[in-house]
Amino acid sequence: MKKIALCLGLAGTLAAAFAGNEANPDAVELAPLPMPMEFSRDMDRPVAFDASATIAVECPDAGAAAWLTRHFADWYGSQAPKVAAAAGADLPGGEEAYSIAAGTSGVKVAANTLAGVRWAAYTLRQLAIAKRGTFRTEGRILPTLKVADRPHLAFRAVHLCWFPEVRPQQMERAIRLAALLKFNYAIIEPWGMYASAKHPWWHWPNPTMTKEEVRRLVAIGRDLGITLVPQINAYGHATSSRSCTMKHAMLDLQPAYEPLFEPGGWNWCLSNPETQRVLRELIAEMHDDFGHPPFFHLGCDEAQPPSCPECRKSPYAELVCRHITGLADFVKARGARAMIWHDMLLERGDPRWKGYVHHGTKTTAALADTLPKDVIICDWQYSYGNMKEVRKEWPTMAYFKEKGFPVAGCPWMNYNAMKPMADYVAKIGGFGFIETTWHHLRGWDWVQMYRYGSAAAWGTSVPPGTPMYDTSFAIALRLVGQDMKTTDYLDTGHLNNQVPPGWWVDN
Ligand SMILES: [Zn+2]
């Protein structure tokens, strides 16, 4: 039998997409998401992955084998493979690196940390299929397998928006799927859905992002290896709503809180000391609910210059700097680091940033010299105007790095740019990678953002020609639903409905 293998070199180049075998030249091989750095497998030589099998785990963390045993029991019940801790003779280099070997001598996993063992488990899980030829599942098989993998960047996040229109189940699915695709952070932006106890006016009626739900999701994330990071838009975007709708989560229904905002409500009023008090109290409350994560995102994108008489009294740059620095210091005192979007720190008319996202004025651009250098700059570059554009360089990111800031590259749906962007961040010694999703966390957009984003963060490419029914994504998404014990039709697949709900009503 001809050996079937897909090998990716460390550079992530595709040596061979797949090849069939002699009996069936059309046959294809399964692949996990994201594609591992080095990966070969052969489904013509399946390996038992059931109660008869023992998975040898080499990891200095004694808790790793216990974690694997517990999760195999959750995933596979009585058909779970056994787990045995083994001596770590040949551990892969790197904190989150892992290796897998599956063949006639059994299945072996090696990693330096529990994090690495988790990523190995997610690779195995995506590749394990039911044994063939029976009515119901009677155990699973793996292809003969050799994997060596390590992340390209240490900080790999998705940014998720908890809109009123998004089902809370969808937020949980997005978090669980991000973990399964080996992102290790999820930044959660509440969009008026966080049910603050301290400031119950700071949300839409009937918010679904309750304290109980946040704490439950944080605990799930911690177990799965993904840390949830809260966000508050502490400068512009104070409406907690998309600008194109002119909705305002607070002022539309509760005009009493008008002094906290600039006229029109898009920005917070930065000269009002009550604004700083309220934001600090909200930050403290969310940071507590999120279990004191090491980061807190303060938003700060797409702000407008102030118009109120008090804010007009001070130079704009000083006002903004005092505001953001005050909040960043507050976050720091709580043991976390502040993150902000980058665009107000680049002047709109500066020719250096032509073709790149930049929304600042001359005065807000001065913040790049005055803000504390431990604030993480999240540089979102979406290749507007041509989402298919492929860039190799992001001078804005190099600029922030040179200014002394940690900088994260943040793509959206500019898929072709994701791998080069992650490579560029790694090249300049940047902080990390944040895949933003906004209001596109559904359908094919969701599939592509997660596929391309996770691959870029792990240093590999997405093979070209993904079919509409993407087997790898379908498997991963279904595993998430099974973990959640989903029973509702709306919470399956990548869309709530397969036909618009009104389709059968009128035309
Ligand atoms: Zn003001």
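Look up: the structure comes first, before these words.
Procedures and definitions
- Residues numbered from 1 in each chain as written.
- Predicted model: local features only at pLDDT ≥ 70, side-chain atom pairs only at ≥ 80, totals over all residues.
- Heavy atoms only, no water.
- Disulfide = S-S within 2.5 Å.
- Axes fitted to C-alpha atoms, helices over the stretch in contact; angles between N-to-C directions.
- Helix = DSSP H or I, 4+ residues; strand = E, 2+ residues; numbered from the N terminus.
- Parallel < 35°, antiparallel > 145°, perpendicular 65-115°, else oblique.
- Left-handed = near helix turned anticlockwise from the far one by under 90°.
- Contact = heavy atoms within 4.5 Å.
- Nonpolar A, V, L, I, M, F, W, Y, C, P; charged D, E, K, R; others polar.
- 1 Å grid on protein atoms, 1.4 Å probe; cavity = no way out; pocket = protein on both sides within 12 Å on 5 of 7 lines; lining within 4 Å.
- Points joined across faces, edges and corners; volume = space filled by probe spheres on them.
- Expected span 1.5 Å × (residues − 1).
- Buried < 20%, exposed > 50% of the residue type's maximum accessible area, 1.4 Å probe, protein only.
- Donors = N, O, S within 2.8 Å, 3.2 Å for Na, K, Ca; no water.
- Tetrahedral: all angles 85-135°; square planar, octahedral: opposite > 155°, others 65-115°.
- Phe/Tyr/Trp six-rings, centres within 6.5 Å; stacked < 30°, edge-to-face > 60°.
- Lys NZ or Arg CZ within 6 Å of the ring centre and 35° of its normal.
- Salt bridge = Lys/Arg side-chain N within 4 Å of Asp/Glu carboxyl O.
- Polar contact = N/O pair within 3.5 Å; in protein donor to acceptor, adjacent residues only side chain to side chain.
- Pairing = 2+ DSSP bridges.
- Right-handed = clockwise from strand over helix to strand, strands pointing away.

Here the focus is the state of the cysteines. Summed over all chains, the structure comprises zero disulfides. In this structure C321 is not part of a disulfide, and its nearest cysteine sulfur, from C300, lies 11 Å away.

The N-to-C vectors of helix α5 (residues 273–289) and helix α6 (residues 316–333) enclose an angle of 30 degrees; their axes lie 11 Å apart at closest approach. By the angle between their axes, α5 is roughly parallel relative to α6. Crossing hand, α5 versus α6: right-handed. Residues T275, Q276, L279, R280, I283 and A284 of α5 pack against H323, G326, L327, F330 and V331 of α6. Its residues assigned to classes, the contact of α5 with α6 shows six nonpolar, four polar and one charged.

For the structure on display, the rule yields four cavities of 30 Å³ or more. The space that makes up the largest cavity amounts to roughly 70 Å³. As for the largest cavity, its lining consists of E189, P190, W191, W202, Q231, I232, N233, H237, A238, S240 and W268. Its volume calculated, the second largest cavity comes out at about 40 Å³.

So, on to helix α4 (residues 211–224). Here α4 spans 20 Å end to end across 14 residues, near enough to the 20 Å set by a 1.5 Å rise per residue. Of the positions making up α4, those classed as buried are K211, E213, V214, L217, V218, I220, G221 and L224.

Those donors, E262 (OE), C269 (SG), C308 (SG) and C311 (SG), are the protein atoms that reach the zinc ion, and they lie 1.9 to 2.3 Å from it. For the zinc ion, the four donor atoms in the first shell make angles of 101 to 118 degrees at the metal, so the coordination geometry reads as tetrahedral. For the zinc ion, all donor residues lie on one chain, and their spacing in sequence is E-x6-C-x38-C-x2-C. On the criterion of sequence distance, the pair formed by E262 in the loop between β10 (227–230) and α5 and C311 in the loop between β11 (295–297) and α6 is long-range, its members being 49 residues apart.

This next bit is on the packing of aromatic side chains. The relation between two aromatic rings is expressed through the spacing of the ring centres and the mutual angle of the planes. Taken as a whole, this structure holds 31 aromatic pairs when the rule is applied. Each ring, one from Y415 and one from Y452, has its centre 5.2 Å from the other, and the planes form 35 degrees; the classification is tilted. In this pair, Y415 sits in helix α10 (residues 415–427) while Y452 sits in helix α11 (residues 443–457), placing the two residues 37 residues apart along the sequence. Plain terms: the ring middles of W446 and F473 are 6.0 Å apart, the flat faces sit at 80 degrees to each other, and that makes the pair edge-to-face. Linking W446 in helix α11 with F473 in helix α12 (residues 471–483), this pair joins segments that are 27 residues apart in sequence. Considered together, W446 and F473 belong to a single accessibility category, that of buried residues. Ring pairing ties together the aromatic residues F49, W67, F72, W75, Y76, Y98, W119, Y122 and W458, which thus form one cluster. Here the basic side chain of K182 rests over the ring of W458, its NZ or CZ set 5.8 Å away from the ring centre. The ring of Y356 has R391 sitting right over it, with the charged end atom 4.2 Å from the ring centre.

Where charged atoms from two side chains of opposite charge come close, those side chains can pair. Per the counting criterion, the structure on display carries 25 salt bridges. Two residues, R277 and E274, come together in a salt bridge whose shortest N-O distance is 2.8 Å. Of this pair, R277 and E274 both sit in helix α5, three residues apart, which is roughly one turn of the helix. Its relative accessible area of 37% is what places R277 among the partly exposed residues.

Here the focus is the side chain of N21. By secondary structure assignment, the location of N21 is in the segment before β1 (38–49). From its side chain, N21 meets the backbone nitrogen of A23 in a polar contact 3.1 Å long. Within the structure, the side chain of N21 is placed 2.5 Å from the backbone nitrogen of N24, a separation counted as a polar contact.

Pairing geometry for strand β2 (residues 54–58) and strand β3 (residues 82–86), over five bridges, is parallel. Bridge assignment links T54 to a residue of β3, and that residue is K82. Running through helix α1 (residues 63–76), the crossover from β2 to the neighbouring parallel element β3 is right-handed. As judged from the four bridges shared by β2 and strand β5 (residues 106–111), these two strands associate in the parallel manner. Across the sheet, the residue bridging to I55 is V107, located in β5.

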